[in-house]
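# Fold and contact review
Here is what each chain is made of, one letter per residue.
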Amino acid sequence: MKVGIYALGLASIAAGILDLVWGEFESAHQPIQAWGDHIPGVTFFAYVTAIWLIAGGAAILFERTARIGAVMLAIVYTAFAVFWLPRFYTAPHYRGYRLSVYIGVLGGPGGQLIVTIGALMVYAVRSGRVLSEWQATAARWVFGLFVADFGVVHLIDIPEPAAMVPAWMPAGGAFWAWVSGIAFILAGLGIVSGVLDVLAARLLALMFLLFSILVLTPLTIASPHEHTSWGGNAYNLAAFGATLIFADWLATERRTRSLQAGGRRFGIPLAAATPSGRNCPR
């Protein structure tokens, strides 16, 4: 999980530094403004959150402090998901009470919660905890369904993601919007169903990384004074790290189930059939 942990930690540090530099929450991924235009002390809370992101991102990088860092990041990304909740009321009010509107809004908190799940996986691993069957199933379903929702959002409004595709890429923006949307849906379904789930998660992580390199970094260079362009890239790299962490957890869970099945077949206690009695190595 080291690559994923470093990506998540460093991206969170970067997001915190950006919030400090601009002195505000990044509106596209930390939309506290959804709760109102005049929130008392919002600038103070932005600085506190920025320091929290930096501290949590730094802590998760070191084995001794990884658990507290993972908890800190899980809390802050869950808070960012909560920021989106009023839009389930306001967005349909202005755009119409259509299923597509609710699906679009769901992608906001969903994007934050997949990072939360990645952080919680780090906590579980560093604590030597074995997830129960229902916890493992819940993690799969939450992660996979939110990823699939990203794909549906892409396909519902092709022009928006198409406009972000660099002009030099062949086949045009609409083509890549369709490809990425379908890829998100297939990755989500693979994770939920367990069919090629590890491959699906690793390819999803690769897609997040390529999106940062090919799309978000050029946008950031083109708009160096916009907080949202920098913050969007930082979030995307955090999602890349969280997805790598989740993919490694899936791979280890699969090995653990195989060992436990073999142990039951030959009468070996389950703890002895699992590496160090844990579902993930440190």
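Heads up: these notes are all about the structure in this document. Keep in mind that this is a model prediction, so the values were computed, not measured.

The next subject is the overall build of the protein. The secondary structure content of the protein amounts to ten helices and zero strands. Shown N-terminal to C-terminal, the secondary structure of the protein runs as helices and strands in the order α-α-α-α-α-α-α-α-α-α. Taken over C-alpha atoms, the radius of gyration comes to 19 Å for the protein, in line with the 19 Å a tight globule of 282 residues would show. Viewed in the frame of its principal axes, the protein has a C-alpha envelope of about 60 × 45 × 35 Å. Residues classed as buried in the protein amount to 48% of the 282 residues present. Contacts in the protein between residues far apart in sequence, at least 24 positions, make up 74% of those at least 6 positions apart. Total accessible area on the protein is roughly 14,000 Å²; 70% of this is exposed by carbon and sulfur atoms. Across the protein, the centroid of the 17 positively charged side chains sits 16 Å from that of the 13 negatively charged ones.

This part is about the environment of His154. Looking at the element boundaries, His154 is found in helix H6 (residues 133–156). With 117 residues separating them along the chain, His154 and Asp37 place their C-alpha atoms 28 Å apart. A polar contact is formed between the side chain of His154 and the backbone oxygen of Phe150, at a distance of 3.0 Å.

All right, on to the packing of helix H2 (residues 42–59) against helix H3 (residues 66–83) then. Following both chains from N to C, one finds H2 and H3 inclined at 145°, their axes separated by 7 Å at the closest point. Read as a crossing pair, H2 and H3 show a hand that is left-handed. Every residue of H3 that contacts H2 at Thr49, Trp52, Leu53, Ala55, Gly56, Gly57 and Ala59 is listed here: Ala66, Ile68, Gly69, Met72, Leu73, Ile75, Val76, Tyr77 and Phe80.

In this model, helix H8 (residues 173–193) (21 residues) spans 30 Å end to end at C-alpha, consistent with the 30 Å of a helix rising 1.5 Å per residue. Taken together, the buried positions of H8 are occupied by Gly173, Ala177, Ser180, Gly181, Phe184, Ala187, Gly188, Gly190, Ile191 and Val192. Immediately downstream of H8, the backbone of Gly194 shows phi near 85°, a positive value.

On to the nonpolar core, then. With 54 residues, the main nonpolar core has Ile114, Val115 and Phe246 as its most contacted residues. Broken down by secondary-structure element, the contributors of at least two residues to this core are helix H1 (2–22), H2, H3, helix H5 (99–127), H6, H8, helix H9 (197–222) and helix H10 (227–265). With 13 residues, H10 is the single largest residue contributor to this core. In contact with Phe246, not counting residues within four places along its chain, are Ile117, Met121, Ala139, Arg140, Phe143 and Ile191.

Turning next to H6. In this model, H6 (24 residues) spans 34 Å end to end at C-alpha, consistent with the 34 Å of a helix rising 1.5 Å per residue. Those residues of H6 lying buried are Ala136, Ala139, Arg140, Phe143, Gly144, Phe146, Val147, Ala148, Asp149, Phe150, Gly151 and His154.

The next thing to look at is the environment of Phe25. Tracing the sequence through the fold places Phe25 in the loop between H1 and H2. Using a relative accessible area of 8% as the deciding quantity, one classes Phe25 as buried. In sequence terms Phe25 and Thr217 are 192 residues apart; their C-alpha atoms lie 20 Å from each other. Setting aside chain neighbours within four positions, we find Phe25 in contact with Asp19, Gln30, Ile32, Val42, Phe45, Ala46, Thr49, Phe80, Phe83 and His227.

What follows is about the pattern of salt bridges. What the rule picks out here adds up to three salt bridges. Among the ionic pairs, Asp197 bridges to Arg140, the shortest N-O distance being 2.6 Å. Of this pair, Asp197 sits in helix H9 while Arg140 is found in helix H6, placing the two residues 57 residues apart along the sequence. Take Asp197 and Arg140: they sit in the same class, and that class is buried. Salt-bridge contacts for Arg140 lead to Glu253; the nearest nitrogen and oxygen are separated by 3.3 Å.

Geometrically, a pair of aromatic rings is defined through the distance of the ring centres and the angle of the planes. Taken as a whole, this structure holds nine aromatic pairs when the rule is applied. Here the aromatic rings of Phe80 and Phe83 are separated by 5.7 Å at their centres, their planes lie at 55°, and the arrangement is tilted. With Phe80 and Phe83 both in helix H3 and three residues apart, this pair spans about one turn of that helix. Of the two residues examined, Phe80 and Phe83, each falls in the buried class. Three or more aromatic residues joined by ring pairs make a cluster, and in this case those are Phe25, Tyr77, Phe80 and Phe83.

Cut-off values and rules
- Residues numbered from 1 in each chain as written.
- Predicted model: local features only at pLDDT ≥ 70, side-chain atom pairs only at ≥ 80, totals over all residues.
- Heavy atoms only, no water.
- Helix = DSSP H or I, 4+ residues; strand = E, 2+ residues; numbered from the N terminus.
- Rg over C-alpha atoms; globule rule 2.2 N^0.38 Å.
- Buried < 20%, exposed > 50% of the residue type's maximum accessible area, 1.4 Å probe, protein only.
- Contact = heavy atoms within 4.5 Å.
- Areas by Shrake-Rupley, 256 points an atom, 1.4 Å probe, with all protein chains shown as cover.
- Lys, Arg positive; Asp, Glu negative; His and termini not counted.
- Charge placed at Lys NZ, Arg CZ, Asp CG, Glu CD.
- Polar contact = N/O pair within 3.5 Å; in protein donor to acceptor, adjacent residues only side chain to side chain.
- Axes fitted to C-alpha atoms, helices over the stretch in contact; angles between N-to-C directions.
- Left-handed = near helix turned anticlockwise from the far one by under 90°.
- Expected span 1.5 Å × (residues − 1).
- Core = buried A, V, L, I, M, F, W, Y, C linked by side-chain atoms within 4.5 Å.
- Salt bridge = Lys/Arg side-chain N within 4 Å of Asp/Glu carboxyl O.
- Phe/Tyr/Trp six-rings, centres within 6.5 Å; stacked < 30°, edge-to-face > 60°.

The analysis is restricted to geometry; functional conclusions fall outside its scope.
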